[in-house]
Amino acid sequence: MEKLEFNYDAFFKRLKKDPNKRENALKYELLFGNQNGLTVEDQPFYKDYLSLFLMPFQVAIPDEGDHDWGLLLSLIFGSFYSEYTLTLEEEWKQNPVVRPMVQLAISVNFEGQGVTRNLDELSDVHIVRLFEIYVDEQINSAIIRQQEDGGQESVDSERERIVSLYKKKLLQVLREVKSHIALMELISAL
């Protein structure tokens, strides 16, 4: 199956046509230049921030669609507005011989209601929508960072907090991985 790359160029062109998003899209271009033909990876918010979120574990993903999972994970982990949890897959815990597999649960508040879904439960349509929501969020935070008084300090502080939280979550999973491997080694030695 061919990988479905997120088409930043087409997405940005849609933002410029959307009456609710047009002003921000034009601000972004004014601040960061013409976006024609560019990708998410070409953006300063990716280079300076999202590229820090590298996932050392396998993540359970949906069966349908072959998206740019690395980019989507970076967008999820780098979000200011949604939360996530990483838990070891029960199946892996029973047989920890391959690269660790984690379940990613994404939590968002929408209209005062909290919704949590595992990444591997989402449909292709939901995945595409997540790309759009999270890229739009990064565009907006880049504008705030450049335009508002104290915006750079505020956004950078939040970015540091989120990166630190991400590292703590990875460390927690790594400790659990080591614990399960040690337990399985102990059991097999008996």
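Residues numbered from 1 in each chain as written. Predicted model: local features only at pLDDT ≥ 70, side-chain atom pairs only at ≥ 80, totals over all residues. Heavy atoms only, no water.

## As for the overall build of the chain
When helices and strands are counted, the chain shows seven helices and four strands. For the chain, the sequential pattern of α-helices and β-strands runs α-α-α-β-α-β-α-β-β-α-α. Long-range contacts, defined here as pairs at least 24 residues apart, represent 68% of the contacts in the chain between residues at least 6 apart. Put simply, the chain shows about 11,300 Å² of open surface, and 51% of that area lies on carbon and sulfur atoms. Distance from the positive charge centre (21 side chains) to the negative charge centre (32 side chains) of the chain: 4 Å. (Helix = DSSP H or I, 4+ residues; strand = E, 2+ residues; numbered from the N terminus. Contact = heavy atoms within 4.5 Å. Areas by Shrake-Rupley, 256 points an atom, 1.4 Å probe, with all protein chains shown as cover. Lys, Arg positive; Asp, Glu negative; His and termini not counted. Charge placed at Lys NZ, Arg CZ, Asp CG, Glu CD.)

## Things to note about the packing of aromatic side chains
Summed over all chains, the structure comprises twelve aromatic pairs. With 6.0 Å between their ring centres and 50 degrees between their planes, Phe-12 and Tyr-28 make a pair best called tilted. One end of the pair, Phe-12, is in helix α1 (residues 8-17); the other, Tyr-28, is in helix α2 (residues 22-32), with 16 residues separating them in the sequence. With a centroid separation of 4.9 Å and 40 degrees between ring planes, the pair formed by Phe-77 and Tyr-166 is classed as tilted. Taken as a pair, Phe-77 in helix α4 (residues 69-77) and Tyr-166 in helix α7 (residues 151-189) lie far apart in primary sequence, 89 residues in all. (Phe/Tyr/Trp six-rings, centres within 6.5 Å; stacked < 30°, edge-to-face > 60°.)

## Side note on the packing of α1 against helix α6 (residues 124-147)
Direction vectors running N to C along α1 and α6 enclose 70 degrees, while the axes themselves pass 11 Å from each other. In terms of orientation, α1 lies roughly perpendicular with respect to α6. Crossing hand, α1 versus α6: right-handed. In this structure, α1 contributes Tyr-8, Phe-11, Phe-12, Arg-14 and Leu-15 to the contact, and α6 contributes Glu-132, Val-135, Asp-136 and Ile-139. The residue inventory of the contact of α1 with α6, partitioned by class, reads six nonpolar, no polar and three charged. (Axes fitted to C-alpha atoms, helices over the stretch in contact; angles between N-to-C directions. Parallel < 35°, antiparallel > 145°, perpendicular 65-115°, else oblique. Left-handed = near helix turned anticlockwise from the far one by under 90°. Nonpolar A, V, L, I, M, F, W, Y, C, P; charged D, E, K, R; others polar.)

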